[in-house]
Amino acid sequence: MGDLLLVRHGETEWSLSGRHTGSTDIPLTENGREQARRLAPLIASFHISAAFVSPMQRARETARLAGVEGARVDADLCEWDYGGYEGVTTVEIHRTRPDWFLFDDGVAPGPAEHPGESPEQVGARAERMLAKVDAALSEAQGSVAVFSHGHFLRVLTARRLGLPAEAGALFQLATGTVSRLSTEHRRHVVAGWNVRPAS
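A brief look at the structure comes next.

Reading guide: rules and limits
Residues numbered from 1 in each chain as written. Predicted model: local features only at pLDDT ≥ 70, side-chain atom pairs only at ≥ 80, totals over all residues. Heavy atoms only, no water. Axes fitted to C-alpha atoms, helices over the stretch in contact; angles between N-to-C directions. Helix = DSSP H or I, 4+ residues; strand = E, 2+ residues; numbered from the N terminus. Parallel < 35°, antiparallel > 145°, perpendicular 65-115°, else oblique. Left-handed = near helix turned anticlockwise from the far one by under 90°. Contact = heavy atoms within 4.5 Å. Nonpolar A, V, L, I, M, F, W, Y, C, P; charged D, E, K, R; others polar. Core = buried A, V, L, I, M, F, W, Y, C linked by side-chain atoms within 4.5 Å. Buried < 20%, exposed > 50% of the residue type's maximum accessible area, 1.4 Å probe, protein only. Phe/Tyr/Trp six-rings, centres within 6.5 Å; stacked < 30°, edge-to-face > 60°.

1. Here's the deal with the packing of helix α2 (residues 30-44) against helix α3 (residues 57-65)
Now for step 1: Look at α2 against α3: their axes get within 7 Å of each other, and the N-to-C directions meet at 40°. Taken together, the axes of α2 and α3 lie oblique to each other. In the packing of α2 onto α3, the handedness of the crossing is right-handed. In this structure, α2 contributes R33, A36, R37, L39 and A40 to the contact, and α3 contributes E61, T62 and L65.
Now for step 2: Residues that form the contact of α2 with α3 fall into these classes: 4 nonpolar, 1 polar and 3 charged.

2. Some points on the nonpolar core
Now for step 1: Grouped together as the largest cluster of nonpolar side chains are 31 residues, with contacts concentrated most on L4, W80, V144, V146 and L156.
Now for step 2: Counting only elements with at least two residues in this core, the list comes to β1 (4-8), β2 (48-53), α5 (102-105), α6 (119-139), β4 (143-148) and α7 (150-160).
Now for step 3: Among the elements that make up this core, the one with the highest residue count is α6 (7 residues).
Now for step 4: Excluding anything up to four places from it in sequence, L156 contacts L4, L6, A126, M129 and L130.
Now for step 5: L5, A51, A63 and V68 belong to the second largest nonpolar core, which has 14 residues in total.

3. A look at the packing of aromatic side chains
Now for step 1: The tally for this structure, following the rule as stated, stands at 4 aromatic pairs.
Now for step 2: Considering the side-chain rings of F101 and F103, the 5.8 Å spacing of their centres and the 50° angle between planes classify their relative orientation as tilted.
Now for step 3: Residue F103 is classed as buried on the basis of its relative accessible area of 3%.
Now for step 4: When the centroid spacing of 5.5 Å and the interplanar angle of 55° are considered together, the rings of F171 and W193 count as tilted. In this pair, F171 is assigned in the loop between α7 and β5 (177-184) and W193 in strand β6 (residues 187-195), connecting sequence segments 22 residues apart.
Now for step 5: Exposure remark for F171: the relative accessible area of 14% places this residue in the buried category.
Now for step 6: Since its relative accessible area comes to 23%, W193 is described here as partly exposed.
Now for step 7: Through pairs of rings, three or more aromatic residues link up here, namely W80, F101 and F103.

4. Overview of unusual backbone geometry
With the exception of glycine, the majority of residues adopt a negative phi angle, and the majority of peptide bonds are in the trans configuration.
Now for step 1: Notably, R186 is not glycine yet its phi reads approximately 65°, a positive angle.
Now for step 2: Residue position: R186 is located in the loop between β5 and β6.
Now for step 3: For R186, a relative accessible area of 84% translates into the label exposed.
Now for step 4: Look at N194: it is not a glycine, yet its phi comes out positive at around 60°.
Now for step 5: Relative to the elements of secondary structure, N194 occurs in strand β6.
Now for step 6: With relative accessibility at 26%, the residue N194 sits in the partly exposed group.

Structural data, given as structure tokens:
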């Protein structure tokens, strides 16, 4: 079975300022576009048999600039629904909830169209996505790449390793990076993490 490549999209204005960016569909910065372009040789070094991408433009543009065409858009790859914390920084949240931690506490309720997700709900979405990845891995030789978002990919990693969704807190993930989940002795392992090509 091939590897699972996790690609976090390039930098945006909100990722740069630390604002929680779930449903807000903002573009890459010029630096984010350059981060995505620099990923192309690294991703090309793997035999990619299938690719999936979040519907958000920051993920779709990253896939395109990284040289991956024809990625299947899948809403299960969207970022955590931050509900009432959309566009808010952790520093701002801590002014009223000093002990708040996303992976333990989830988010404040938001509007009906974006009510927010608990860690368990994000974990369930990650498991649905992993089932699609495994189906793609079983159909062809090669690896599968997914282009998505920081917090969601951290939860997906935790679930791939058999850990609870909250354990995504252990896997820091920078913009414009590739991480690789593989197998060893039939067990899922981290084979590479937060890899950014040399500039």
